[in-house]
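# Descriptive structure summary
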Amino acid sequence: MDFTLPDHHICLLTDDGSPASIRLVKSLSDRGWKVVVLSFPESVIAQGLPLPGGINRVVLADLSEEHLKQQLMAIAQNYGSIGTFVHLHPSIQASLGQESERAILKHIFLIAKHLKKSLNEGARQGRSCFLTVSRLDGQFGLSRKTEFSSIGGGLFGLTKTLNLEWERVFCRAIDLSPAFDEEFVAQSIVAELHDPNRLITEVGYSSQGRTTLVAEMCRVKKNAHPTKNQITPSSVFLVSGGGRGITSQCVIKLAQRYQCKFILLGRSSINPEPAWAKGCVDEFDLKKRIMADITARGEKPTPIKVQKTLKGILAQREIAQTLEAIEQAGGKAEYLSADITDAIALKEKLADAVQRFGAISGILHGAGNLADKLIENKSEQDFEAVYTAKVKGLENLLSCVNPNQIKHLVLFASAAGFYGNIGQSDYAIANEILNKFAHHFKRLHPECHVASFNWGPWDGGMVTPELKQIFAERKVEVIPVEVGTQMLVDELDFGERETVQVLVGSPLVVVSGELDSELRTYQIHRKLNLKANSFLQDHAIGGQAVLPTVCGSVWLANVSEQLYPGYKFFSCENFKVLKGIVFDETLASEYILEVKEVNKSQNEQLELAATIWSEAEPGKRRYHYNGQVKLLKEIPEAPTYEFDATQSQEFAFLSPYQDGTLFHGPSFKGVKQVLNITPETLTMECVLPQIAEEQRGQFPAQAFDFVAKDVQFQCMLIWVRHFYQAASLPLRCQKGEHFQTIPLGKPFYVSMDVISSNETKLVANITSHDIQGKVYSRVFGAEVTISKQLNRLFFNSEKVGVK
């Protein structure tokens, strides 16, 4: 995508003191960007090499929020409004980092807080970016081959949350392998800054190439053999946050399954219940008794005092109920009132309990704090409260045991870390650190069963009826307590031991906001080559690889969806092939997809004019494809097509891939049999070939599958060969609509209805559908050119080697 900052905007970059930061500054400066470098104090990061000439550096004197705020205001006044922010995080090997790294992470959180207004205003004038760069292993900490600090992983949670809170700002978190040199680092960051795809927020670069992180559906196989390190009645679990709430329900379920032992930790203190409160279960009556007691002591019963006393009594009762339920299940438990953020006090309190219960064999870290609010309203205290409970708490729990003797490490993280979540930037940071740490701990202790549960919202606990309604509006399902606790037990019993991170619940979908009224134009640049798109070896005409026409349409559709998250591709009208793309000496150095907004109708649909072109020579455009794309928030229900599935034996032996009718290789061989052909119609049975995602290269199955669309159009080539003994190539189509994805490996049908034909042209409507006639997609007014001169190219078509 073309992206140049307006003259009055600057790119603010926080450097890590490495040569890579210097190379990045130069790369951006060479592109005309005005860059200002913000450096941390020498006590945090030692200043690296001198900056290139003309680049300004501002060094923070301390790490106070007030000083940071003043410096950001001064930068804006002296150099220009900040339109892009890039943070290069230092590469650190310690598993839970150093205190200086935590300070850096908190400061990036605060920088985001104070740049909210500037970046969002900048997005109204063009492209505005918030980009973070970590150096874990280039695979989001999942490779288990590299030593890294998990703290840098918190940047992913922050960036993904900002991507949801700041709809107009381009937010991207990058993980670069430490093995890459500064030139590659700089090139990769610049490329990500210009990427048009708004559907992904995290990207990794390693020896495996460029990747992103996705969730895959996986069901526990209960008939499988139980995992190693089985929990037994002698197992001892140290559980933070285990006395109350959802964690306590999970502990009770574990006790019912294993009858093991638990040392429960919590902040609530245990005191004898006042005599006046005993036996009173109605909250209204209990409040009256509390008020009477406060008054009897000569104090004023303020609402705050009453509520505090009430919460204490109810908390103690819930803890007592938890302990009783564990005992009734056959387990043993003891509750300790302890602050897990105080390592020394925690060790002292645990010593006696370990003497009574035995050595700790497992940790379940369920403690956590919330401070939900948009990032511009967050405070340092919010960050510390949320961060320390999750991250410092885990560090302290591990300091109380011998990590080599731990057989189970169970972390209660949150889906907010994996997806990001509005109002939970600090919580997402802390939970992503837990995720990265879980992968790191598994690498160091492969025999330990490590599981980081990324829970969605539970039905109970912190989910109020009001929150439940909000989740329902966002189509987010809450987890029933019985279902969630059983999933925990099943995972510990039968879960795949190599699977560390377990995402539970539906995605935290966010409904896209309103579009502004201004009509914008985007230009997205792309380089094409055979090596990146290996499927092209199966699409050669006359020995030359040719980009399938449907790839032109999927190019338009995919990029359109990427530019507008929350909207889905529905149709493309007046799609024309102006000049096909052949992978020979005519291949351009780059191709430009120009997307113009035509209409934004009531925020429910978008109409875009899209054109793909290249430069035949400087200043002279060569047009390849164009069409009008329509995006919708909701795709309408698929219609039904009436067709005749009866097969005529006359066509049972047609072999279009062998007789020269079709030139396509294995990746495109989806036609299984032709059922019937008449001058007016054709029906064929198809099954999509299974091709690896990496073979699809730059044309992934996102808006729709280009292989499915190509198979759909093959009916026209078959019909032309049958009636005119000629070959044909696509020219245009009046309109194409996409309703649903064709399932891989299952039969579907393609029906064609002829509109008109002669020796030079065929025009037809084409519909892909299932056996009941339910439509997957349909094309109106598809047109191909007919020529016997093309026959020799189809018959002599050869497989193209990818070099």
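Here the structure is a predicted model, which means the values were calculated and not measured.

Using the criterion set out here, one finds two cavities of 30 Å³ or more in the structure. Of the volumes computed, that of the largest cavity is approximately 50 Å³. Surrounding the largest cavity, His-89, Pro-90, Ser-91, Ile-92, Glu-101, Ser-134, Arg-135, Leu-136, Phe-148, Ser-149 and Gly-152 form its lining. Taken as a whole, the second largest cavity spans an internal volume of roughly 40 Å³. As for the second largest cavity, its lining consists of Asp-15, Gly-17, Ser-39, Phe-40, Ile-45, Ala-46, Gln-47, Gly-48 and Arg-57.

Attention now moves to helix H6 (residues 245–258). Compared with the 20 Å implied by 1.5 Å per residue over 14 residues, the 20 Å span of H6 between its first and last C-alpha is a close match. Of all 14 residues making up H6, ten are buried, and the element is well covered by its neighbours. Buried residues of H6: Ile-246, Thr-247, Ser-248, Cys-250, Val-251, Ile-252, Lys-253, Leu-254, Ala-255 and Tyr-258, and no others.

This part covers the packing of aromatic side chains. One pass over the full model with this rule turns up 28 aromatic pairs. Taken together, a centroid distance of 5.8 Å and an interplanar angle of 70° make the contact between Phe-140 and Phe-156 edge-to-face. Remark: Phe-156 occurs in helix H4 (residues 154–165) and Phe-140 occurs in the loop between strand S5 (129–134) and H4; sequence separation between them is 16 residues. In this structure, Phe-140 and Phe-156 share a single accessibility class: buried. Between Phe-535 and Phe-706, the ring centres sit 4.6 Å apart and the planes meet at 45°, which makes this aromatic pair tilted. Placement of Phe-535 in the loop between strand S16 (521–526) and strand S17 (540–541) and of Phe-706 in helix H17 (residues 706–724) is noted, with a sequence separation of 171 residues between them. You'll find Phe-535 and Phe-706 in the same group, each marked buried.

Next up on the list: the environment of Arg-497. Here Arg-497 is to be found in the loop between helix H14 (481–494) and strand S15 (501–504). What makes Arg-497 buried here is its relative accessible area of 15%.

Looking now at unusual backbone geometry. Phi is positive for Gln-259, close to 50°, though the residue is something other than glycine. With respect to the helices and strands, Gln-259 occurs in the loop between H6 and strand S10 (261–266). Residue classification places Gln-259 among the partly exposed residues on the basis of a relative accessible area of 30%. Here Gln-725, not a glycine, exhibits a phi torsion of approximately 50°, which is positive. Relative to the helices and strands, Gln-725 resides in the loop between H17 and strand S25 (727–738).

On to the packing of H4 against helix H12 (residues 425–444). Running from N to C, H4 and H12 point in directions that differ by 145°, and their axes come no closer than 6 Å. Here the hand of the crossing between H4 and H12 comes out right-handed. Taken together, the residues of H12 that come into contact with H4 (itself represented by Gly-154, Phe-156, Gly-157, Leu-158, Lys-160 and Thr-161) are Ser-425, Ala-428, Ile-429, Glu-432, Ile-433 and Lys-436. Each residue belonging to the contact of H4 with H12 can be placed in one class, and the counts come to five nonpolar, four polar and three charged.

To continue, consider the environment of Val-58. Mapped onto the elements, Val-58 comes out in strand S3 (residues 56–59). The residues touching Val-58, leaving out its near neighbours within four places in the chain, are Val-36, Val-37, Leu-38, Ser-39, Gln-71, Ile-75 and Tyr-79.

Summed over the entire model, instances satisfying the criterion amount to 41 salt bridges. Residues Glu-147 and Arg-443 are paired through a salt bridge, measuring 2.2 Å at the closest nitrogen-oxygen approach. One end of the pair, Glu-147, is in the loop between S5 and H4; the other, Arg-443, is in helix H12, and 296 residues separate them in sequence. In this structure Arg-443 comes out as partly exposed when scored by relative accessible area, which is 24%. Overlapping salt bridges bring together Glu-99, Arg-102, Lys-106, Glu-380 and Glu-384 as one network.

With that out of the way, let us pick up helix H15 (residues 549–563). Its 15 residues give H15 an end-to-end C-alpha distance of 22 Å, which sits within 8% of 21 Å, the value for a rise of 1.5 Å per residue. Taking burial as the measure, the 15 residues of H15 include 14 buried ones, the bulk of the element.

What follows deals with the sheet that holds strand S27 (residues 761–769). Hydrogen bonds between backbone atoms are what pair the strands of a sheet, whose relative direction is either parallel or antiparallel. A sheet is described by the order of its strands in space; here eleven strands give the open sequence S16-S20-S21-S22-S19-S25-S28-S27-S26-S24-S23, paired in antiparallel fashion. Of all strands in the sheet, those with a lone pairing partner are S16 and strand S23 (671–677), marking the two edges. On average, each strand axis in the sheet is tilted by 25° relative to the strand beside it, whichever way the strands run. Relative to strand S22 (residues 620–632), strand S21 (residues 605–617) is paired through twelve bridges, and the arrangement is antiparallel. Paired with Ile-612 across the strands is Tyr-625, a residue of S22. Contacts from H17 reach S23, strand S24 (681–687), S25, strand S26 (747–757), S27 and strand S28 (775–787) within the one sheet, and its direction differs from that of S28 by about 40°.

This part covers the confidence of the model for the chain. Note: predicted coordinates in regions of low pLDDT should not be interpreted at a detailed level. Counting all residues, the mean pLDDT for the chain is 91, and 93% of those residues have values of 70 or more. Throughout residues 796–803 the model reports pLDDT below 50, and contacts reaching past four residues in sequence, or to other chains, amount to 21 contacts.

Spatially, eight strands are ordered S3-S2-S1-S4-S5-S6-S7-S8 in an open sheet, and the strand pairing comes out mixed. Each having just a single partner strand, S3 and strand S8 (209–211) make up the two edges of the open sheet. Here the strands of the sheet are splayed against their neighbours by 20° on average, with no regard to which way each runs. Where helix H3 (residues 99–123) meets the sheet, its contacts fall on strand S1 (9–14), strand S2 (35–39), strand S4 (81–88) and S5, and the angle it forms with S4 comes to roughly 150°.

Moving on to the side chain of Lys-113. Inspection of the secondary structure puts Lys-113 in helix H3. For Lys-113, a relative accessible area of 15% translates into the label buried.

Our focus in this paragraph is the side chain of Asn-163. Position of Asn-163 among the secondary structure elements: in helix H4. The class of Asn-163 is buried, set by a relative accessible area of 15%. Ignoring sequence-local partners within four residues, the contact set of Asn-163 consists of Val-169, Cys-171, Arg-198 and Thr-201.

A word on the nonpolar core. A general trend in soluble globular proteins is that nonpolar side chains are found buried together. Counting 79 residues, the largest nonpolar core has Leu-547, Trp-555, Phe-699, Phe-706, Met-716 and Met-752 as its most contacted members. Counting residues in each nonpolar core, the second largest holds 43 residues, with Val-58, Ile-82, Ile-375 and Phe-383 among its members.

A few words now on the pairing of strand S7 (residues 202–206). Among the five residues in S7, five count as buried, and that is most of the element. With burial as the criterion, each face of S7 is covered, one bearing Glu-202, Gly-204 and Ser-206 and the other bearing Val-203 and Tyr-205. As paired elements, strand S6 (residues 170–176) and S7 share four bridges and run parallel to each other. Bridging from a neighbouring strand, Asp-175 pairs with Gly-204 of S7. Between the parallel elements S6 and S7, the chain passes through helix H5 (residues 182–193) in a crossover that is left-handed. Where S7 and S8 come together, three bridges link them in antiparallel fashion. Bridging across to S8, Gly-204 finds its partner in Thr-211.

Basis of the calculations
- Residues numbered from 1 in each chain as written.
- Predicted model: local features only at pLDDT ≥ 70, side-chain atom pairs only at ≥ 80, totals over all residues.
- Heavy atoms only, no water.
- 1 Å grid on protein atoms, 1.4 Å probe; cavity = no way out; pocket = protein on both sides within 12 Å on 5 of 7 lines; lining within 4 Å.
- Points joined across faces, edges and corners; volume = space filled by probe spheres on them.
- Helix = DSSP H or I, 4+ residues; strand = E, 2+ residues; numbered from the N terminus.
- Expected span 1.5 Å × (residues − 1).
- Buried < 20%, exposed > 50% of the residue type's maximum accessible area, 1.4 Å probe, protein only.
- Phe/Tyr/Trp six-rings, centres within 6.5 Å; stacked < 30°, edge-to-face > 60°.
- Axes fitted to C-alpha atoms, helices over the stretch in contact; angles between N-to-C directions.
- Left-handed = near helix turned anticlockwise from the far one by under 90°.
- Contact = heavy atoms within 4.5 Å.
- Nonpolar A, V, L, I, M, F, W, Y, C, P; charged D, E, K, R; others polar.
- Salt bridge = Lys/Arg side-chain N within 4 Å of Asp/Glu carboxyl O.
- Pairing = 2+ DSSP bridges.
- pLDDT = per-residue confidence, 0-100.
- Core = buried A, V, L, I, M, F, W, Y, C linked by side-chain atoms within 4.5 Å.
- Right-handed = clockwise from strand over helix to strand, strands pointing away.

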